[in-house]
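Structure assessment
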Amino acid sequence: AQKVTQAQTEISVVEKEDVTLDCVYETRDTTYYLFWYKQPPSGELVFLIRRNSFDEQNEISGRYSWNFQKSTSSFNFTITASQVVDSAVYFCALRASSGGSNYKLTFGKGTLLTVNP
Amino acid sequence: AAGVIQSPRHLIKEKRETATLKCYPIPRHDTVYWYQQGPGQDPQFLISFYEKMQSDKGSIPDRFSAQQFSDYHSELNMSSLELGDSALYFCASSPGVAGELFFGEGSRLTVL
């Protein structure tokens, strides 16, 4: 079975601080996909990134960066120089096929990030 | 580019009523997923369809049913609504098992 753990329920930072959101996953599959989604107060799920299990290269996109480490089953997300508009709930998610689940997406509980001015 | 379309965006029902949510996936996507997100919760998988056949089932109550039609749109039918069914319901489609899940904007159901 798949499991995603986001140990940080809530994080509060001051604007321009860097912040890292942790994500630890569990799966028995060798092929799987990891995602981060942002959910602002308006409710929609905004796709941020997808990584597959064979690509451990870290990625940077503007102020966002992701650190994927298979050795620790972690896929952490860092926002550099945070802004008030970054305030949202962030979900880490895993897509794998254990038990013939047809690659449904399993979400972590989410981390509520509040960036204060 | 076309996105996943969900309707209605908002729905208010009384207890014991029925509700139907519709989802129109991105063209040529072969898989549709339904998720339920309660207040302050993470999205929970309900059911999925691959090429119009049910492919997986999650924590979907027996009062709920879903199907995917020949034009690939999907409908989630909810009967005997309860207060606890109040949630945001997401539909997502995918072009295959390796791709991204594209989510619709969600349908917010309120049961009074």
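Look a little higher up for the structure.
First, a word on scope: everything that follows refers to the structure included in this document. Residue numbering note: each chain is counted from 1, following its sequence as written. As a convention, the first chain written is A and the first ligand written is 1, with the rest following in written order. pLDDT decides what is reported in this predicted model: residues at 70 or higher carry local features, side-chain atom pairs at 80 or more are listed and counted, and totals for whole chains, interfaces and linings draw on all residues regardless. Side-chain numbers come from the whole structure's heavy atoms, not from hydrogens or water.

Re the overall build of chain A
Check the secondary structure of chain A and you find zero helices and twelve strands. Elements are defined by DSSP. Helices are runs of H or I of four residues or more, strands are runs of E of two residues or more, and each kind is numbered from the N terminus. Mapped in sequence order, the helices and strands of chain A form the string β-β-β-β-β-β-β-β-β-β-β-β. C-alpha atoms define the radius of gyration in this analysis, and the globule rule sets the expected value at 2.2 Å times the number of residues to the power 0.38. A compact globule built from 117 residues should have a C-alpha radius of gyration of about 13 Å, and chain A, at 14 Å, falls within 12% of that. Counting only C-alpha atoms, chain A reaches 45 × 30 × 20 Å along its principal axes.

Here's the deal with the interface of chain A and chain B
In this complex, chain A contributes 19 residues to the contact, which on the side of chain B involves 24 residues. Computed with a 1.4 Å rolling probe, the buried area is the accessible surface lost when two parts are put together, summed over both parts. Together, the buried faces of chain A and chain B total about 1800 Å²; carbon and sulfur atoms form 53% of this surface. By definition here, a salt bridge exists when the distance from a side-chain nitrogen of Lys or Arg to a carboxyl oxygen of Asp or Glu is within 4 Å. At the boundary of chain A and chain B, one finds two salt bridges. In this structure, the salt-bridge partner of Lys109(A) is Asp42(B), at a minimum N-O distance of 3.3 Å. Whenever a nitrogen or oxygen atom comes within 3.5 Å of another N or O atom, the pair is scored as a polar contact, on the condition that within protein one atom can donate a hydrogen and the other can accept it, and that pairs from neighbouring residues in sequence are kept only if both atoms are in side chains. At the surface where chain A touches chain B, the tally comes to six residue pairs in polar contact (both at pLDDT 80 or more). At the level of secondary structure, the elements contributing two or more residues to the side of chain A that touches chain B comprise β5 (33-39), β6 (46-52), β10 (88-95) and β11 (105-107) of chain A. Residues are treated as being in contact if the distance between any of their heavy atoms lies within 4.5 Å.

Concerning unusual backbone geometry
With an omega of -10°, the peptide bond running from Ser7(B) to Pro8(B) counts as cis. Within the fold, Pro8(B) resides in the loop between β1 (5-7) and β2 (10-13). With a phi angle near 50°, Ser73(A) is a residue other than glycine that sits in the positive phi range. By secondary structure assignment, the location of Ser73(A) is in the loop between β8 (64-69) and β9 (74-79). Using a relative accessible area of 24% as the deciding quantity, one classes Ser73(A) as partly exposed. Any residue under 20% of the maximum accessible area for its type is buried, any over 50% is exposed, and the rest in between are partly exposed; the area is computed with a 1.4 Å probe on protein chains only.

Some points on the side chain of Arg51(A)
Residues and elements named next belong to chain A. Position of Arg-51 relative to the elements: it lies in strand β6. At 3.1 Å, the side chain of Arg-51 and the side chain of Asp-55 are in polar contact. If near-sequence neighbours (up to four positions away) are discounted, Arg-51 is found in contact with Tyr-32, Tyr-33, Leu-34, Gln-57, Asn-58, Glu-59 and Phe-75.

With respect to the pattern of salt bridges
Proximity of charged atoms lets side chains of opposite charge pair with each other. Scanning the model with the defined rule gives nine salt bridges over all chains in all. Between Glu82(B) and Arg63(B) there is a salt bridge whose closest N-O contact spans 3.4 Å. Note that Glu82(B) is positioned in the loop between β8 (74-78) and β9 (87-94) and Arg63(B) in the loop between β6 (53-57) and β7 (64-68), a separation of 19 residues in sequence. Judged by its relative accessible area of 21%, Arg63(B) is partly exposed. A cluster of three or more residues bridged by salt bridges with shared partners is formed by Arg51(A), Asp55(A) and Glu59(A).

Thoughts on the packing of aromatic side chains
All names here are of chain A. Between 30 and 60 degrees the pair is tilted, below 30 it is stacked and above 60 it is edge-to-face, where a pair is any two Phe, Tyr or Trp rings, Trp via its six-membered ring, whose centres lie within 6.5 Å. Summed over all chains, the structure comprises 21 aromatic pairs over all chains. With a centroid separation of 5.3 Å and an interplanar angle of 50°, the aromatic rings of Trp-36 and Phe-77 are classed as tilted. Of this pair, Trp-36 sits in strand β5 while Phe-77 sits in strand β9, and the two are 41 residues apart along the sequence. Comparing Trp-36 with Phe-77, the two get one shared label, buried.

Points about the pairing of strand β5 (residues 44-50) of chain B
In summary, the side chains of a regular strand alternate between the two faces of the sheet. All names here are of chain B. Of all seven residues in β5, five are buried; the element is thus mostly enclosed. Following DSSP output, two strands are said to pair if at least two bridges run between them. Here strand β4 (residues 31-37) runs beside β5; their pairing, made up of six bridges, is antiparallel. Bridge pairing in β5 links Tyr-33 to Ser-48. In sequence, β4 turns back onto β5 through a hairpin of six residues, with Gly-40 there showing a positive phi of about 70°. Between β5 and β6, which pair antiparallel one after the other, the connecting turn spans two residues, and Glu-51 there sits at a positive phi close to 50°.

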